[in-house]
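# Summary of structural features
The residues making up each chain are set out below.
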Amino acid sequence: MNSNASHPNFALRLLCGLGWTVAWIIALGCAVWAFGALHYDCPEFEPEVAWAFALVVLAAIYFLRGAWLKLGAAFLGFALVLAWWLTLKPVNAGAWQPDVSQLASAEIDGDTVTLHNVRNCDYRTEADYTPRWETRAVRISQITGFDIAVNYWGSPWMAHPIVSFQFADAPPVCFSIETRKKAGQAYSAIGGLYRQFELIYIVADERDVIRVRTNYRHGEDIYLYRTTATPAEARQRFGEYLRSLNHLRDHPRWYNAITTNCTTTIRDQHPASERTPWDWRILLNGKGDELMYERRTIATAGLPFAELKKRSLINPAAQAANEAPDFSKRIREGLPAM
C-alpha cells in the first residue's frame, strides 16, 4: 500500500521538477535577450551596461534565498529592460548610407502613379557609386504582371526577395524591402533581432537593384522567376506596395530579422483574409522559391523544381548585359515561362 501511495508523489515531484526546469530555461532565455538588447541598443552601444546587468542578475540568483526569489530576480531584470527597450522609437531622419538616404513615396492620380525617389545608382564597384534618385510616372492599367528575384548571399536557407512589376509601356519597377543602415553601419544577423535598423522600401530601376548584386557584389546569386499572377492580381499587389511605402514615409518602423523582415513584411501587406497560409519557409526564406513552386505561384513550364531553379539563375546573363539599355529584356531571355 505504501508502494502504491509513492507513485503519485513521485509523479508530482517529477512534474514539479519539469516545471521548474522549463521556468528556468525561459527565465535565462529572457535574461540573455535582455543582455543582447542592452549590448546592441543602449546609446553608444556601451557593452559595460550589458555586462553590469548580467552581473547583477547573476548576483541576485546566487545571493537571494529561495527558488522563487531567484527566479523572480531573473524575470524582473528582463521586465525592466523590456520596458526601456519598448520606448525606443524608429526615425526617418538620420545620417543614412547614400544608397538608402531617400525614402520613396507615391502620388496616385487616377490611373497614373508618380513615384518619387526611385533609385538608379551608377555603380563602378559595390562601394564606389554615384547615387541617383529619379521621379517616374507609370500607369496602373499598363501593369502586365510581376516577377520575383530571389537573392542568395551565403546560406541556402536565407535569401532576399525583390519584386519587379512589369509594364507594357515602361521599364520594370522593383521593390526591395531592406534595412536602412546609417553611415558606417554594417548588417548584423543578431543585431537584426533588436532595434538596430529601421525598415525601408527601396523602389529602384531593375539595372540598379539586380545588377549591384549580380555584377558588383561577390558571392551573390539571383534567381528570377516569372509569376502566374494575372494583370489584375499584379495591380492589386502593386497597390499594396504603394500604400505600404507611403505609410512608412509617415510612420517609420523597426526592422526585425524574424517578425518584420523582407519576406514577412510582404505577407503582412496583404489583407488578413487574403494572406497565404503560414509555412516555415516564409521565415527560412531561402526555401521560399520551393514553396512558391508547390503553390504554383511561379511559372514552371512543367519542369521539376531543381531544373527550374537551375535555369532561373540570371548572373551570367546580367553580367553579359551589364550596361546594355535592354538589360531587363536580356536577363529574361530563356527563362521558363507559363
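Coordinates for the structure precede this section.
Let us look at the structure shown here. All chains use their own residue numbering, which begins from 1 and follows the written sequence. A pLDDT threshold of at least 70 governs which residues receive local features in this predicted model, and a stricter bar of 80 or more applies before side-chain atom pairs are shown or counted, although totals over entire chains, interfaces and linings include all residues. Each side-chain value is worked out from all heavy atoms of the structure, with water and hydrogens disregarded.

## Some details on the overall build of the protein chain
The numbering of helices and of strands both runs from the N terminus, where a helix is a DSSP run of H or I of at least 4 residues and a strand a run of E of at least 2. A tally of helices and strands in the protein chain yields 12 helices and 10 strands. Dimensions of the protein chain along its principal axes, counting C-alpha atoms only, are 85 × 50 × 40 Å. In this charge count, Lys and Arg are treated as positive and Asp and Glu as negative; neither His nor the chain ends contribute. Where a charge lies is defined by one atom per residue type: Lys uses NZ, Arg uses CZ, Asp uses CG and Glu uses CD. In the protein chain, the 35 positive side-chain charges and the 34 negative ones have mean positions that sit 5 Å from each other.

## Some thoughts on the side chain of Glu178
Within the secondary structure layout, Glu178 lies in strand β8 (residues 173-180). Any residue under 20% of the maximum accessible area for its type is buried, any over 50% is exposed, and the rest in between are partly exposed; the area is computed with a 1.4 Å probe on protein chains only. For Glu178, a relative accessible area of 12% gives the class buried. In terms of polar contacts, Glu178 uses its side chain to reach the side chain of Arg213, at 3.2 Å. Among residues more than four places away in sequence, those in contact with Glu178 are His160, Glu198, Leu199, Ile200, Ile202, Val209 and Arg213. Here a polar contact is recorded for every N or O atom pair within 3.5 Å, except that within protein the pair must consist of a potential hydrogen donor and a potential acceptor, and residues adjacent in sequence are included only if both atoms are side-chain atoms. Between two residues, a contact is recorded if the distance between any of their heavy atoms is within 4.5 Å.

## Some points on unusual backbone geometry
Of note, the phi angle at Asn117 is positive, near 60 degrees, even though the residue is not glycine. Looking at the element boundaries, Asn117 is found in strand β2 (residues 112-119). By relative accessible area, Asn117 is classed as partly exposed at 23%. Phi at Asn322 is positive, roughly 40 degrees, even though this residue is not glycine. Of note, Asn322 is situated in the loop between α11 (315-321) and α12 (327-330). With relative accessibility at 25%, the residue Asn322 sits in the partly exposed group.

## Things to note about the pattern of salt bridges
Salt bridge, as applied in this entry: a Lys or Arg side-chain nitrogen positioned within 4 Å of an Asp or Glu carboxyl oxygen. Overall, the coordinates contain 20 salt bridges when judged by the stated rule. For Arg136, the salt bridge goes to Asp205, with nearest N and O atoms at 2.7 Å. Separated by 69 residues along the polypeptide, Arg136 in strand β5 (residues 133-139) and Asp205 in strand β9 (residues 198-205) bring together distant segments of the chain. Asp205 carries the same exposure label as Arg136, and that label is buried. For Asp147, the salt bridge goes to Arg226, with nearest N and O atoms at 3.1 Å. Taken together, the positions of Asp147 in strand β6 (residues 143-152) and Arg226 in strand β10 (residues 221-226) put the pair 79 residues apart, joining distant regions of the chain. On the accessibility criterion, Asp147 (3% relative accessible area) is buried. One continuous salt-bridge network, built from bridges that share partners, spans Asp147, Glu206, Arg226 and Arg332.

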